[in-house]
Amino acid sequence: HTCVLYHSRNANKMIVFSGWNHFPFHAFSDMHEFDIQTQEWNEIFYANDLVPEKRLATAACMKNDQVMIIFGGKECFGERRFNDIHEFDFVHRIW
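Note that this is a predicted model, so its numbers are computed, not measured. (Residues numbered from 1 in each chain as written. Predicted model: local features only at pLDDT ≥ 70, side-chain atom pairs only at ≥ 80, totals over all residues. Heavy atoms only, no water.)

Peer 1: So, unusual backbone geometry: which residues are in play, and what are the values?
Peer 2: Even without being glycine, Gln39 reaches a positive phi, approximately 65°. Note that Gln39 resides in the loop between β3 (26-35) and β4 (40-44). Residue classification places Gln39 among the exposed residues on the basis of a relative accessible area of 54%. (Helix = DSSP H or I, 4+ residues; strand = E, 2+ residues; numbered from the N terminus. Buried < 20%, exposed > 50% of the residue type's maximum accessible area, 1.4 Å probe, protein only.)

Peer 1: Account for the nonpolar core, naming residues and giving values.
Peer 2: Listed in full, the 11 residues of the largest apolar core are Val4, Tyr6, Ile15, Phe17, Met31, Ile44, Met68, Ile70, Phe88, Phe90 and Trp95. Listed by contribution, the elements that provide at least two residues to this core are β1 (2-7), β2 (12-21) and β6 (67-74). Trp95 has contacts with Phe17, Met31, Tyr46, Asn48, Leu50, Val51, Pro52, Met68, Ile70, His86, Glu87 and Phe88, leaving out every residue within four places of it along the chain. (Core = buried A, V, L, I, M, F, W, Y, C linked by side-chain atoms within 4.5 Å. Contact = heavy atoms within 4.5 Å.)

Peer 1: Any details on the sheet that holds strand β7 (residues 81-89)? Residues and values, ideally.
Peer 2: Taken in spatial order, the 3 strands line up as β5-β6-β7 in an open sheet, and their pairing is antiparallel. Only two strands of the sheet have a single neighbouring strand rather than two, namely β5 (59-63) and β7. For this sheet the average axis-to-axis angle between neighbouring strands, irrespective of direction, equals 15°. Pairing between β6 and β7: 7 bridges, direction antiparallel. Residue pairing across strands places Ile69 opposite Glu87, the latter belonging to β7. (Pairing = 2+ DSSP bridges. Axes fitted to C-alpha atoms, helices over the stretch in contact; angles between N-to-C directions.)

Peer 1: Can you tell me about the pairing of β6, naming the residues and giving the values?
Peer 2: For β6, the buried fraction is high: 6 of the 8 residues fall into the buried class. Sheet topology note: the β5/β6 ladder contains 5 bridges and is antiparallel. By the bridge assignment for β6, Met62 is matched with Met68. The hairpin turn running from β5 into β6, its antiparallel successor, is 3 residues long, and Asn64 in that turn takes a positive phi close to 55°. Linking two consecutive strands that pair antiparallel, namely β6 and β7, is a turn of 6 residues; a positive phi of about 90° is found at Gly78 within it.

Peer 1: Pulling in residues and values, what's your account of the packing of aromatic side chains?
Peer 2: Across all of its chains, the model carries 7 aromatic pairs by this definition. Measuring from centroid to centroid gives 5.6 Å for Tyr46 and Phe88, while their planes differ by 65°, and the two rings are edge-to-face. Of this pair, Tyr46 sits in the loop between β4 and β5 while Phe88 is found in strand β7, placing the two residues 42 residues apart along the sequence. When its relative accessible area of 0% is taken as the criterion, Phe88 is described as buried. Of the aromatic side chains, those joined through ring pairs into one cluster are Tyr6, Phe17, Tyr46, Phe88, Phe90 and Trp95. Directly above the ring of Phe82 sits Arg55, whose terminal nitrogen or CZ lies 4.0 Å from the centroid. (Phe/Tyr/Trp six-rings, centres within 6.5 Å; stacked < 30°, edge-to-face > 60°. Lys NZ or Arg CZ within 6 Å of the ring centre and 35° of its normal.)

If you want it as structure tokens, here you go:
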């Protein structure tokens, strides 16, 4: 998993992207938000289909409190390592 803090006018949230399970060993490309004030989790649904491949060990940062940038990671199985960059716009919910 990787996470960032997202600050909007209405809330402060921790955003968690991707990750993996131990059993069965499986990687993800989903995203969830934790509202720090209400202490509630919600899944973030994407408005487009340009989702990065499933991965683990990804780095992330925020840009202008609106865009999350992710870099790299690796496949769940095998030795393939990603050397790519993706941006997620929280306002429009698109990659």
